[in-house]
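Commentary on secondary and tertiary structure
Spelled out from the first residue to the last, the chains are:
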Amino acid sequence: MTALGLAGEPNLAQTWWERILAGFTHAPSPHVTSTELAVVILLAVAVSLPRLTWRYFGLVATVTHELGHAFAALTTGQRLGGIHLRLDHSGTTTTYSRSRLSAVWSTFWGYPVPAVVGAAMVWCGFNGWGPAAMSVGTLILLASFLFLRNGVGLLITAGAVLASALLVLLVPPVFNGHVMIVLGLALLVAALRDLGKLANVHLRHRERLPTSDAYLLARATSVPAAVWIALFAAVVAGAWWFAWQPMAPVFAALLGEFNSVRAVQFRP
C-alpha cells in the first residue's frame, strides 16, 4: 500500500524508498534482441563521444572516477579528506595515509573504475539485477554527499541523484535491466575516452601532467607513467571483456540467423 501525504496525494519520498528497497530482489532477466543491443551501443556512443552530450555525461564519469579513489581509500583504512568536483570534468579526492602502498592503491583506482562499474551494470542488466544496481547506485550517490567539499561538486552530484531518483520512480522495474545496459555501456565508452584524454596529456600537453594520476603514481613509485597507463588500459580491457560475455550470445544468434538466410538464398 502506498503511503499518502497530508493532501491525500501519494508521498513521493515514501514511494521512492519503497522502490529502492524493492530493487534488492532478483527480477526476470530481460529479453534483449540484437536490434535493441545495436541501438543501445549507438546510444552509449552518442552520450559519451560527441562533445555536446559529453559535456553532461562526462560529469557522471568524473563522479564515478572520484568515487573510485574514495572507495579504494576507505577499503585500505585511509582517512578521506573530501572530494572536489569541477565542471571541466576534473576532480580531486584528498586522502590521508601513512602507508605509501595504500596511497598508491587509492590513486590507481580512478581511471579504471568507470569501466569496472559499467561492466557490472551491464552484467546486472542482463542477469535480472538491474533494479538492484539502480538502488545501489542511488544510495552510493547519496552517501557521497558526506564527502563533497565544494558547491559545484554538490550541484553535480545533486543532479546525478535527481536523475537516479527519477529513474527509480518513473522506470517500471521490468525495464530497469535495459536502462542499466545503456548506462553501463556508456560508462565503458567513457572510460575509453578518458584513457585517450590521459594519453594525450602525456604526449601533447605535458604542462598538465600534475593533473594526471599516472604522473602522480610515477612520482610516488618511480615506475614510469606509461606502465601505469598500460595497467589502466588492461583493467579497462578486462571490464570490456566481462561486459561482452552476456552480449556475445545475442550477436551470435544474429550471426546464426544471417548465415541461415544466406544458406537458403544460395541453396542450389
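Use the structure listed above.
Let us look at the structure shown here.

Analysis parameters
- Residues numbered from 1 in each chain as written.
- Predicted model: local features only at pLDDT ≥ 70, side-chain atom pairs only at ≥ 80, totals over all residues.
- Heavy atoms only, no water.
- 1 Å grid on protein atoms, 1.4 Å probe; cavity = no way out; pocket = protein on both sides within 12 Å on 5 of 7 lines; lining within 4 Å.
- Points joined across faces, edges and corners; volume = space filled by probe spheres on them.
- Helix = DSSP H or I, 4+ residues; strand = E, 2+ residues; numbered from the N terminus.
- Patch = residues over 30% accessible without salt bridge, like charges linked within 9 Å, V, L, I, M, F, W, Y side chains within 5 Å.
- Areas by Shrake-Rupley, 256 points an atom, 1.4 Å probe, with all protein chains shown as cover.
- Salt bridge = Lys/Arg side-chain N within 4 Å of Asp/Glu carboxyl O.
- Pairing = 2+ DSSP bridges.
- Contact = heavy atoms within 4.5 Å.
- Buried < 20%, exposed > 50% of the residue type's maximum accessible area, 1.4 Å probe, protein only.
- Polar contact = N/O pair within 3.5 Å; in protein donor to acceptor, adjacent residues only side chain to side chain.
- Nonpolar A, V, L, I, M, F, W, Y, C, P; charged D, E, K, R; others polar.
- Arc of directions from axis to C-beta.
- Phe/Tyr/Trp six-rings, centres within 6.5 Å; stacked < 30°, edge-to-face > 60°.

The space that makes up the largest pocket amounts to roughly 1200 Å³. The wall of the largest pocket is formed by 39 residues, among which Thr 64, Leu 67, Val 117, Gly 137 and Ile 140 lie closest to the centre. At the level of elements, α3 (51-75), α5 (113-126), α6 (130-144), α7 (151-170) and α8 (173-204) are the ones that each hand at least two residues to the lining of the largest pocket. With eleven residues, the single largest contributor to the lining of the largest pocket is α3. One number sums up the size of the second largest pocket: a volume of about 950 Å³.

Attention now moves to a nonpolar patch on the surface. Taken together, the side chains of Trp 123, Trp 129, Trp 241 and Phe 242 define a hydrophobic patch exposed on the protein surface, amounting to about 430 Å² of accessible area. If you trace the backbone, Phe 242 turns up in helix α10 (residues 225-265).

Pairing of strand β1 (residues 79-85) with strand β2 (residues 91-96), which is carried by six bridges, proceeds in the antiparallel orientation. The residue bridging Ile 83 from the neighbouring strand is Thr 93, located in β2. The turn joining β1 and β2, which pair antiparallel and follow one another in sequence, is formed by five residues; a positive phi near 75 degrees is taken by His 89.

Let us now look at the side chain of His 202. Position of His 202 among the secondary structure elements: in helix α8. When sequence neighbours within four positions are dropped, the list of residues in contact with His 202 reads Leu 209, Ser 212, Ala 214, Tyr 215, Ala 225 and Ile 229.

This part takes up the pattern of salt bridges. One pass over the full model with this rule turns up one salt bridge. A salt bridge links Arg 208 to Glu 207, with the nearest nitrogen and oxygen atoms 4.0 Å apart.

Residue His 202 is classed as buried on the basis of its relative accessible area of 12%. Sequence-wise, His 202 and Ser 212 are ten residues apart; in three dimensions their C-alpha atoms are separated by 8.3 Å. There is a polar contact of 2.7 Å between the side chain of His 202 and the side chain of Ser 212.

The next subject is empty space enclosed by the protein. Counting across every chain of the model gives one cavity of 30 Å³ or more. The space that makes up the largest cavity amounts to roughly 40 Å³. Every residue lining the largest cavity is listed: Val 63, Glu 66, Leu 67, Ile 83, Leu 85, Ser 144, Leu 148 and Thr 157. Of all the secondary-structure elements, those providing two or more residues to the lining of the largest cavity are α3 and β1. Of the residues forming the lining of the largest cavity, the biggest block, three residues, is contributed by α3. Classifying every residue of the lining of the largest cavity gives five nonpolar, two polar and one charged.

Turning to helix α9 (residues 213-221), its buried residues are Asp 213, Ala 214, Leu 217 and Ala 218. In an axial view of α9, the angular spread of the buried residues amounts to 140 degrees, which keeps them on one side of the axis. Residue Ser 212 occupies the N-cap position of α9, its side-chain oxygen lying 3.2 Å from the main-chain nitrogen of Ala 214. Ser 222 sits one or two positions beyond α9 and adopts a positive phi of about 70 degrees.

What follows deals with the environment of Ala 70. With respect to the helices and strands, the residue Ala 70 is situated in helix α3. Residues Ala 70 and Lys 197, spaced 127 residues apart in sequence, show a C-alpha to C-alpha distance of 22 Å.

A word on the packing of aromatic side chains. Applying the stated criterion across every chain yields a total of seven aromatic pairs. When the centroid spacing of 5.0 Å and the interplanar angle of 85 degrees are considered together, the rings of Phe 108 and Trp 109 count as edge-to-face. Of the two residues, Phe 108 and Trp 109, both sit in the buried class. Where Phe 108 meets Phe 232, the ring centres are 5.0 Å apart and the plane angle is 45 degrees; that geometry is what we call tilted. Residue Phe 108 is found in helix α4 (residues 100-108), and its partner Phe 232 is found in helix α10; the two are separated by 124 residues along the sequence. For Phe 108, a relative accessible area of 10% puts it in the buried group. Looking at Phe 232, the relative accessible area reads 0%, which means it is buried.

Take it as geometry only, folks, not as evidence of what the structure does.
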